[in-house]
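Examining the three-dimensional arrangement
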Amino acid sequence: MSKTGKSKRNVFTEQNATGTIRYFLPLFVLIILLLIWFMITYINLFPAYALPSPGSVWKSFQEEIRAGRLVNDIIASLWRVAVGFVISVILGIPAGLWLGQHLHARQAFVPMLNFFRFLSPLAWIPFAILWFHIGDKPAIFLIFMASFFPLALATMAAVATIPSIYFRVAQDYDYKGIELLTKVTFPAVLPEIITSLRVSYGIAWVVIVAAEMVGCQDGLGYGIWEARNGLRLDSAVCYMIIIGLLGMGIDRLLAQLTKLPNVRWGYER
């Protein structure tokens with residue numbers, strides 16, 4: 001066998017080994033955590049009402065599925081996050097693009113944007129309930145308040161740091177207005193925008209759980225609140241697991257955007 005053939009075979013073997021380790025290590029950690037959880041409950045380190053066992057959580061999960069409550073709560077939470085997050089994207093990214101291209105606008109609006117960014121979205125809960133009452137609207141409003149400001153500021157910062165050579169080349173091609181935005185500015189900041197989308201979505205997912213505890217009659221957050229009031233921590237843990245899995249799943253979907261041909265270059269530099 002030639003040296004080239006052996007080299008390719010070695011690379012292929014290394015890639016397979018890396019892929020196997022990549023999937024095995026998280027599974028190994030999960031098994032260890034489950035064993036630790038089982039041992040803590042087996043030796044009664046905490047009372048059963050304070051820390052449910054893996055078996056009781058599994059039974060609660062089956063009960064919630066059969067009753068249909070869990071599915072309804074998942075749909076309700078996903079709907080609220082989707083609407084609030086999409087609104088923040090539709091408004092936040094254009095706002096960031098505009099601010100990034102106008103120095104005086106940044107000087108005027110950035111202090112206010114930073115003020116609201118550092119203000120906890122949960123502080124708006126009383127106002128959200130008074131303005132929109134109980135239901136989807138207050139939760140959607142809180143999602144918007146949680147994700148709009150970091151998304152707009154991240155987009156603005158990405159635009160403001162585009163190398164000036166990009167715009168000098170654009171002048172040579174006589175790019176102006178919409179053409180400059182679509183052919184130079186937006187492609188240049190798209191990798192950073194995707195990263196900020198993932199971060200903002202993570203904030204939105206955390207906020208929706210808290211918002212549903214006080215402003216809704218369904219949803220994953222409301223399910224945890226109801227389980228707490230009924231002293232059903234096994235049900236609460238069941239909802240916590242679903243929240244974490246859904247959050248990870250949607251984050252992985254957003255991460256797929258980084259593999260687009262027009263975006264991948266920003267992650268390979």
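Residue positions are given per chain, counting from 1 as you read along its sequence in written order. In keeping with the model being predicted, local features are shown solely for residues with a pLDDT of at least 70 and side-chain atom pairs are shown and tallied solely at 80 or more, while totals for entire chains, interfaces and linings include all residues. Side-chain metrics in this entry use all non-hydrogen atoms of the structure; hydrogen atoms and water are not considered.

**Comments concerning the pattern of salt bridges**
- Salt-bridge detection follows one rule: a side-chain nitrogen of Lys or Arg within 4 Å of a carboxyl oxygen of Asp or Glu. Inspection of the entire model under this criterion finds seven salt bridges.
- With its nearest N and O atoms 2.8 Å apart, the salt bridge here joins Arg80 to Glu212. With Arg80 in helix α3 (residues 69–101) and Glu212 in helix α8 (residues 177–215), this residue pair connects regions lying 132 residues apart in the sequence.
- Judged by its relative accessible area of 2%, Arg80 is buried.
- Note that Asp234 and Arg232 form a salt bridge whose closest N and O atoms lie 2.9 Å from each other.
- Three exposure classes are used, based on accessible area relative to the maximum for each residue type with a 1.4 Å probe and protein chains only: buried under 20%, partly exposed in between, and exposed over 50%. For Asp234, a relative accessible area of 14% gives the class buried. In DSSP terms, a helix is any run of H or I states spanning at least four residues, a strand is any run of E spanning at least two, and both are numbered starting from the N terminus.

**Comments concerning the confidence of the model for the chain**
- By definition, pLDDT measures how confident the predictor is in each residue, and it falls between 0 and 100. This prediction gives the chain a mean pLDDT of 82; 89% of its residues lie at or above 70.
- Of all helices and strands in the chain, the one with the weakest mean pLDDT is helix α11 (residues 261–264) (62), whereas α3 scores best (90).

**Digging into the packing of aromatic side chains**
- Pairing of aromatic rings covers Phe, Tyr and the six-membered ring of Trp, with a centre-to-centre limit of 6.5 Å; geometry is then stacked below 30 degrees between planes, edge-to-face above 60, and tilted otherwise. Overall, the coordinates contain 17 aromatic pairs when judged by the stated rule.
- Judged by centre distance (5.7 Å) and plane angle (15°), the ring pair of Trp58 and Phe61 falls under stacked. Highlighted residues: Trp58 and Phe61, both in helix α2 (residues 54–67), separated by three residues, approximately one helical turn.
- Residue class for Trp58 comes out exposed when judged on its relative accessible area of 52%.
- Residue Phe61 is classed as partly exposed on the basis of its relative accessible area of 25%.
- Seen from their ring centres, Trp131 and Phe141 are 5.8 Å apart, and the 75° between their planes marks the pair as edge-to-face. Of the two residues, Trp131 is situated in helix α5 (residues 125–132) and Phe141 in helix α6 (residues 136–160); the sequence distance between them amounts to 10 residues.
- The class for Trp131 is partly exposed, based on a relative accessible area of 49%.
- For Phe141, a relative accessible area of 15% translates into the label buried.

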